[in-house]
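The lines below spell out each chain.
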Amino acid sequence: MRLAMTVKNKDPRRKVLKTIYSMFITLFLSLPAYLYAETAPEVTSCFIDLTFWSDIDGDNKRGIYHDLHQQFFHRLDIKSHKTITASYARLMDMLNKGQCDFSTKLMTTDTKNIRLGSPYWKIRVGVVALKGMPIKQYEDIRALKIGILKEASLGFHFDNDLKLKRIESPRFGQLVDMLANKRIDAIAGDLDVLEAIAKEKSVKLGESFTMQTMELHFVMSNNSKHINKFSLFNKEWQKMVAEGVVKESIVRHFSH
């Protein structure tokens, strides 16, 4: 008597499904966490309303802060994000509460609820003229016609000096042209931006006088849902500086 043996027929579809599942898991684990914008919490950047840096026209948000943060989001493939423009007091309140994740710090006082990141731009506020006209001290600008950006603030002493002759313009690019054509004697503003624009226009500047310096830092709220990614975000800002992304954006906005 022969014993009958039963052999199960393997379904070939199971093998295919198993292979697809394995490939999916491998792909899932190899991708950055922030590619999953639909599941990650929304990221919010907050800025103060400031000409050139954060201009609002209805629903249209533009300016250096918006430009840089949009590039920052794109580089890290953060798809769920928004920007808010607010007064300084409201911005600080939102940062403290974690309602705002990112911002830019230009403050002399620290707060325990804000984590300070790397500086991404140093503003050197000063005055410069054409080559051959060095400006070595503040008194040297008293007799000059000085070009400045419209509605710009360059420090209490400069802003309130009634003896200075000021000529306003909406763009640094125009001021550099005016300087080259000797319609003004000097320009006051961010010296690094002025030097970059002058170089593009082949205008040779002289020795400048620096009145004050201020650093812009990337900052995060310690109460942000994304605070565990602080090191990743901070390194990305450092890369943007090293690659010239920050400088290009700032010079472009002030030039044109």
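A quick note: this is a predicted structure, and the numbers were derived from the prediction, not measured. (Residues numbered from 1 in each chain as written. Predicted model: local features only at pLDDT ≥ 70, side-chain atom pairs only at ≥ 80, totals over all residues. Heavy atoms only, no water.)

## Let's talk about the side chain of Thr83
Then, in step 1: Along the chain, the position of Thr83 falls in strand S4 (residues 81–86).
Then, in step 2: Judged by its relative accessible area of 10%, Thr83 falls in the buried class.
Then, in step 3: Of note is the side chain of Thr83, whose polar atom sits 3.4 Å from the side chain of His66. (Helix = DSSP H or I, 4+ residues; strand = E, 2+ residues; numbered from the N terminus. Buried < 20%, exposed > 50% of the residue type's maximum accessible area, 1.4 Å probe, protein only. Polar contact = N/O pair within 3.5 Å; in protein donor to acceptor, adjacent residues only side chain to side chain.)

## Notes on helix H6 (residues 191–200)
Then, in step 1: Residues Leu191, Val193, Leu194, Ala196, Ile197 and Ala198 constitute the buried set of H6.
Then, in step 2: Buried residues along H6 sit in contact with strand S6 (114–129), helix H5 (172–180), strand S9 (186–190), strand S10 (209–221) and helix H8 (245–255).
Then, in step 3: Put simply, Asp190 is the residue that caps the front of H6, since its side-chain oxygen is 3.2 Å from the backbone nitrogen of Asp192.
Then, in step 4: Count one or two residues on from H6 and you reach Ser202, which has phi positive near 60°. (Contact = heavy atoms within 4.5 Å.)

## What about the packing of aromatic side chains?
Then, in step 1: This structure, assessed with the given rule, holds 14 aromatic pairs.
Then, in step 2: Taking the centre distance of 5.7 Å and the plane angle of 70° together, the rings of Phe72 and Phe233 count as edge-to-face. Placement of the pair is Phe72 in helix H2 (residues 64–75) and Phe233 in helix H7 (residues 230–242), with a sequence separation of 161 residues.
Then, in step 3: The exposure class assigned to Phe72 is buried, which follows from its relative accessible area of 0%.
Then, in step 4: Since its relative accessible area comes to 0%, Phe233 is described here as buried.
Then, in step 5: Members of the aromatic cluster, joined through ring pairs, are Phe72, Phe73, Phe102, Tyr120, Phe218, Phe230, Phe233 and Trp237.
Then, in step 6: A cation over a ring is seen here: Arg115 above Phe230, with NZ or CZ 5.3 Å from the ring centre. (Phe/Tyr/Trp six-rings, centres within 6.5 Å; stacked < 30°, edge-to-face > 60°. Lys NZ or Arg CZ within 6 Å of the ring centre and 35° of its normal.)

## A word on the nonpolar core
Then, in step 1: Grouped together as the largest cluster of nonpolar side chains are 61 residues, with contacts concentrated most on Trp53, Tyr120, Trp121, Ile141, Phe158, Phe172 and Phe254.
Then, in step 2: The leading source of residues in this core is S6, at seven residues.
Then, in step 3: The contacts of Trp53, once residues within four sequence positions are left out, are Arg62, Gly63, Ile64, Tyr65, His66, Trp121, Ile123, Leu216, Ile250 and Phe254.
Then, in step 4: Counting residues in hydrophobic clusters, the runner-up holds nine residues, among them Ile84, Leu95, Cys100 and Val219. (Core = buried A, V, L, I, M, F, W, Y, C linked by side-chain atoms within 4.5 Å.)

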